[in-house]
Protein chains: 2
Amino acid sequence: MKVVKFGGTSVASGQQIKKVFDIVTSDPKRKIVVVSAPGKRFKEDVKVTDLLIKCGEEYLNNGSVKETYEAVVNRYVEIAKELGLSNDIIDRISADLQEILHGDKSNPARFMDAVKASGEDNNAKLITAYFQSRGVEAHYVNPKEAGLIVSDEPGNAQVLPEAYENLKKLRDRSGILIFPGFFGYSKDGKLVTFSRGGSDITGSILANGVGAEIYENFTDVDAVYSVNPNFVENPKEIRELTYKEMRELSYAGFAVFHDEALIPAFRAGIPVNIKNTNNPSAPGTKIVHERTDSNGPVVGIASDTGFCSIYVNKYLMNREIGFGRRLLQILEDFGLSYEHTPSGIDDISVILRQDQFDSETERKVVERIKKELEVDNIEVAYDLAVIMIVGEGMRKNVGTMARAATALAKSGVNLEMINQGSSEVSMMFGVKGTDEKKAVQALYEEFFGTT
Amino acid sequence: MKVVKFGGTSVASGQQIKKVFDIVTSDPKRKIVVVSAPGKRFKEDVKVTDLLIKCGEEYLNNGSVKETYEAVVNRYVEIAKELGLSNDIIDRISADLQEILHGDKSNPARFMDAVKASGEDNNAKLITAYFQSRGVEAHYVNPKEAGLIVSDEPGNAQVLPEAYENLKKLRDRSGILIFPGFFGYSKDGKLVTFSRGGSDITGSILANGVGAEIYENFTDVDAVYSVNPNFVENPKEIRELTYKEMRELSYAGFAVFHDEALIPAFRAGIPVNIKNTNNPSAPGTKIVHERTDSNGPVVGIASDTGFCSIYVNKYLMNREIGFGRRLLQILEDFGLSYEHTPSGIDDISVILRQDQFDSETERKVVERIKKELEVDNIEVAYDLAVIMIVGEGMRKNVGTMARAATALAKSGVNLEMINQGSSEVSMMFGVKGTDEKKAVQALYEEFFGTT
């Protein structure tokens, strides 16, 4: 049995949903189908979820909403027309949406969750109607009825253990099951959404629950690329990578799959296959526990800018038990999360994303560090880039660092920081933000170049 | 004005003390002389400080002590004989020691401090007598009378700010001032010692107090070597290095100068010159704020074994604000100090010296980490070596890491960890303990080799 999930662009139009039908029905093992809300059909298009957020906020503020409401409904109307469906399904969707929008607004977060979730929910109903119109046994499944129980955290639901037991029973149902992504229900029956992009999570939970042999995640790219295509033309596609590699790459530029969505599949050891709805015969990228496909020590290169470093120096720092812990405590008191803490004997740098660090926070943090830790010196540097090279193969490969550092040196990039821990499958390089592209290109050429 | 300090081997015998006399009197600027207790004259010899510790402990335990006591006095007798001094000085030393040994034992730590400090104190008196016998104006100076005020922490005294003001007045005294190292007095007049090897600290405090132009530290090596001579034959001597470089090198194998002793000189910007009593014309090694002598990006390579790593892995670790801080808190609760914390996205390794980490502590630490941090995986690895390459020049030198990593790769050494922070003057490599020598040799050849 396979769980198949289709992302926003895969269900954005009637034409796309016909592809979904073909993909699902071409393999009888594709029994459970998770769908997103209709996404973008072209670059300037607006996702239904974004329309719904606007619509919900307008209702909350008692503004004029007719236009936004109609924009939402029209997306379904267009899809239904393309698919030759009767008006019944549109009437059903409109009535559902009206009921939600005129519902209880005493808890705005809960109201917004219900509005947002309607995007997936109504699309699942519409797609079910289409499958049925093609003479296939298909059933819409409501997450509440199926028992997808989650924690009561609007916009950040976490699946509860009992959900898996409930969902296991879906195995016994007949026909193709069309399941809306993105939300579940709390123990007391309240609708709660996952974090944005959470349809990936629904699919992973279902794959775990029913014990699927594979979780196919259809999107609009042929594969996960080994490097950001904005930096390198026609980068190599990754055929196979491990959960751990995928996670390390998720640092940046590898946002094809939701972070949290890997967990249920990972826990159950179910491979995830990223595939392209528009090119389903391409093998895509498989995320597995252990990979057989070996193409050198490095499988991918990720990078991101917008990091800053707080450098702290104090003579005999390494004799002071608790120094590092107290430094991190100060950051924690300001709700700051950090990425790395490279250190010497008497100094330590903390690398964090600078978007959480405005000048007022900087001033307060620096003041507390100076006062409480009595440091000799503190410096904050902005606009650093972090580059990760990732691959299980580098773990025992003598010379990967030598190749990487040599490639960077040859390209004239200075290394501000380096971080590699024991048993890791990644190496981190900190460079100036302006050097990011040059550094990534040099590393790609070294590990994937044709020369 | 220069402050000159002579280490244990430089004052271990009459013959050595004659060299001290020649060195001091050859330069009229050498006005303040700090002396250690008599050290080893040959490899199997026992330091007077160690004899005194034994003697003090025997007195505390009411054991038979005649033999040990006589061993101490005999060292001074032999020195006095070599120097042609009369018995007066020996009578004075014996009487002093008897008084201390029969003194108050209600506070054993304080009693031991007094016994230990007598080694330096009596040697200062003896050396003063010798200088006077040679017709030179020399005065023994007692730290109490001079106002060397320290915190009341037996065996770990810290200098107090007012000491510097008091010591400044030594400038106005006439003649050569012979000052015993290793101890000061608390505000209420109790003798308190610095940590072991603390005569270096006394010299540094005096240099700061009198505003010396240089602090000469005479020991038994021609210079600080760029690498451990046990690993490389005839290693290059370091002519100049900065305080920061010296500190980074102190990781291991560079124990010629006491860590804490750098601080007072560093704060006052006084250069420290490490010189050889047995070869005083050699230039030695100068420790300065900024160095002019440039011999490539790396000035030295230090290494040490006996490290272990605690590797912790948890999916989505980097989303958990406070994870690293809580991990370090657990180590702190066990009084463990750590060296480095290289990290990936979902994992972190803590590197610490394994001598503080017995199997019972390991069991408890691992249990708490598992329970409180709910980690997916935890592994403890032992017998790692840490290698530091150090040099102010590498800070802005593109390619130092490339050269180091390539040299290590060519020698077949796998890098378990790498750590380099921003603005640092060192790079840290973690390798298997069994690879330490090979790794150090490869790095030495790369940065100092003749080829």
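Residues numbered from 1 in each chain as written. Chains lettered and ligands numbered in written order. Predicted model: local features only at pLDDT ≥ 70, side-chain atom pairs only at ≥ 80, totals over all residues. Heavy atoms only, no water.

### Points about the pairing of strand 12 (residues 285–288) of chain A
All names here are of chain A.
Thinking step 1. As paired strands, strand 10 (residues 240–242) and strand 12 are joined by three bridges and run parallel to one another. Residue pairing across strands places Glu240 opposite Lys286, the latter belonging to strand 12.
Thinking step 2. Across three bridges, the pairing between strand 11 (residues 272–276) and strand 12 is antiparallel. Paired with Ile274 across the bridge in strand 12 is Thr285. (Pairing = 2+ DSSP bridges. Helix = DSSP H or I, 4+ residues; strand = E, 2+ residues; numbered from the N terminus.)

### Structural notes on the relation of the copies chain B and chain A
Thinking step 1. For the pair chain B and chain A, the relating rotation is 179°, the translation along its axis is 0.0 Å, and the fit reaches an RMSD of 0.1 Å. Accordingly, the operation relating the two chain copies is best matched by a two-fold axis.
Thinking step 2. Here 100% of the interface residues in chain B have copies in chain A that are interface residues too; the copies meet face to matching face. (Least-squares fit on C-alpha atoms with pLDDT ≥ 70 in both. Contact = heavy atoms within 4.5 Å.)

### Some remarks on the sheet that holds strand 4 (residues 176–180) of chain A
Residue and element names in this part refer to chain A.
Thinking step 1. As summarised here, the arrangement of the eight strands in space is 3-4-2-1-7-11-12-10, forming an open sheet in which the pairing is mixed. Of all the strands in the sheet, the pair left with one neighbour each is strand 3 (138–140) and strand 10. Pairwise comparison of adjacent strand axes, ignoring direction, gives a mean angle of 20° for this sheet.
Thinking step 2. Here helix 8 (residues 199–210) sits on the sheet in contact with strand 1 (2–6), strand 2 (30–35), strand 4 and strand 7 (214–219), set at roughly 155° to strand 2. (Axes fitted to C-alpha atoms, helices over the stretch in contact; angles between N-to-C directions.)

### Here we look at helix 8 of chain A
Every α-helix carries 3.6 residues per turn, so stepping three or four residues along brings you back to the same face.
All names here are of chain A.
Thinking step 1. The end-to-end C-alpha distance of helix 8 is 17 Å, a good match for the 16 Å that 12 residues give at a rise of 1.5 Å each.
Thinking step 2. Among the 12 residues in helix 8, 12 count as buried, and that is most of the element.
Thinking step 3. Buried residues of helix 8: Ser199, Asp200, Ile201, Thr202, Gly203, Ser204, Ile205, Leu206, Ala207, Asn208, Gly209 and Val210, and no others.
Thinking step 4. Immediately downstream of helix 8, the backbone of Gly211 shows phi near 65°, a positive value. (Expected span 1.5 Å × (residues − 1). Buried < 20%, exposed > 50% of the residue type's maximum accessible area, 1.4 Å probe, protein only.)

### Section: the interface of chain B and chain A
Thinking step 1. Counting residues at the interface gives 65 residues for chain B, matched by 65 residues for chain A.
Thinking step 2. Together, the buried faces of chain B and chain A total about 5,600 Å²; carbon and sulfur atoms form 49% of this surface.
Thinking step 3. For Arg247(A), the salt bridge goes to Asp346(B), with nearest N and O atoms at 2.5 Å.
Thinking step 4. Counting across the interface, chain B meets chain A through 20 residue pairs in polar contact (both at pLDDT 80 or more).
Thinking step 5. Residue classes in the side of chain B that touches chain A are distributed as 22 nonpolar, 24 polar and 19 charged.
Thinking step 6. Relative to strand 17 (residues 417–420) of chain B, strand 17 (residues 417–420) of chain A runs antiparallel, the two being bridged by three bridges. When the bridges of strand 17 of chain B are listed, Ile418(A) appears paired with Gln420(B). (Buried area = accessible area lost by both parts, 1.4 Å probe. Salt bridge = Lys/Arg side-chain N within 4 Å of Asp/Glu carboxyl O. Polar contact = N/O pair within 3.5 Å; in protein donor to acceptor, adjacent residues only side chain to side chain. Nonpolar A, V, L, I, M, F, W, Y, C, P; charged D, E, K, R; others polar.)

### A few points about the side chain of Asp45(B)
Residue and element names in this part refer to chain B.
Thinking step 1. Topologically, Asp45 is positioned in the loop between strand 2 (30–35) and helix 2 (48–60).
Thinking step 2. Of note is the side chain of Asp45, whose polar atom sits 2.7 Å from the side chain of Arg41.
Thinking step 3. A polar side-chain atom of Asp45 sits 3.5 Å from a polar atom in the side chain of Arg75.
Thinking step 4. Ignoring sequence-local partners within four residues, the contact set of Asp45 consists of Gly39, Lys40 and Arg75.

### A few points about the packing of aromatic side chains
Thinking step 1. Considering all chains together, one arrives at 14 aromatic pairs over all chains under this definition.
Thinking step 2. Judged by centre distance (6.0 Å) and plane angle (70°), the rings of Phe183(A) and Tyr185(A) are edge-to-face.
Thinking step 3. Clustering of aromatic rings is evident, with ring pairs tying together Phe21(A), Tyr130(A) and Phe131(A).
Thinking step 4. Seen from the ring of Tyr315(B), Arg247(A) lies directly overhead, with NZ or CZ sitting 5.6 Å from the centre. (Phe/Tyr/Trp six-rings, centres within 6.5 Å; stacked < 30°, edge-to-face > 60°. Lys NZ or Arg CZ within 6 Å of the ring centre and 35° of its normal.)

### Section: the domain arrangement of chain A
Residues and elements named next belong to chain A.
Thinking step 1. By domain assignment, chain A separates into domain 1 (2–288) and domain 2 (300–448).
Thinking step 2. The interface of domain 1 with domain 2 comprises 18 residues on the first partner and 22 residues on the second.
Thinking step 3. For the pair domain 1 and domain 2, the summed buried surface comes to about 1,600 Å²; carbon and sulfur atoms form 67% of the total.
Thinking step 4. In this structure, the connection of domain 1 to domain 2 is made through zero salt bridges.
Thinking step 5. At the surface where domain 1 touches domain 2, the tally comes to six residue pairs in polar contact (both at pLDDT 80 or more).
Thinking step 6. At four residues, the largest contribution of residues to the side of domain 1 that touches domain 2 is made by helix 9 (residues 243–249).
Thinking step 7. Partitioning the side of domain 1 that touches domain 2 into residue classes produces nine nonpolar, five polar and four charged. (Domains from an automatic or database assignment.)

### With respect to the UniProt feature "binding site: ATP" (unreviewed entry) in chain A
Residue and element names in this part refer to chain A.
Thinking step 1. According to UniProt, the positions carrying the feature "binding site: ATP" (unreviewed entry) are Lys5, Phe6, Gly7, Gly8, Thr219, Asp220 and Tyr225.
Thinking step 2. On the secondary structure map, Gly7 appears in the loop between strand 1 and helix 1 (14–25).
Thinking step 3. When its relative accessible area of 8% is taken as the criterion, Gly7 is described as buried.
Thinking step 4. Once residues within four sequence positions are removed from consideration, Gly7 is found in contact with Ser36 and Phe218.
Thinking step 5. Among the structural elements, Tyr225 can be located in strand 8 (residues 224–225).
Thinking step 6. According to the relative accessible area criterion, Tyr225 is partly exposed, its value standing at 27%. (UniProt positions renumbered as here; feature names shortened; annotations may be inferred.)

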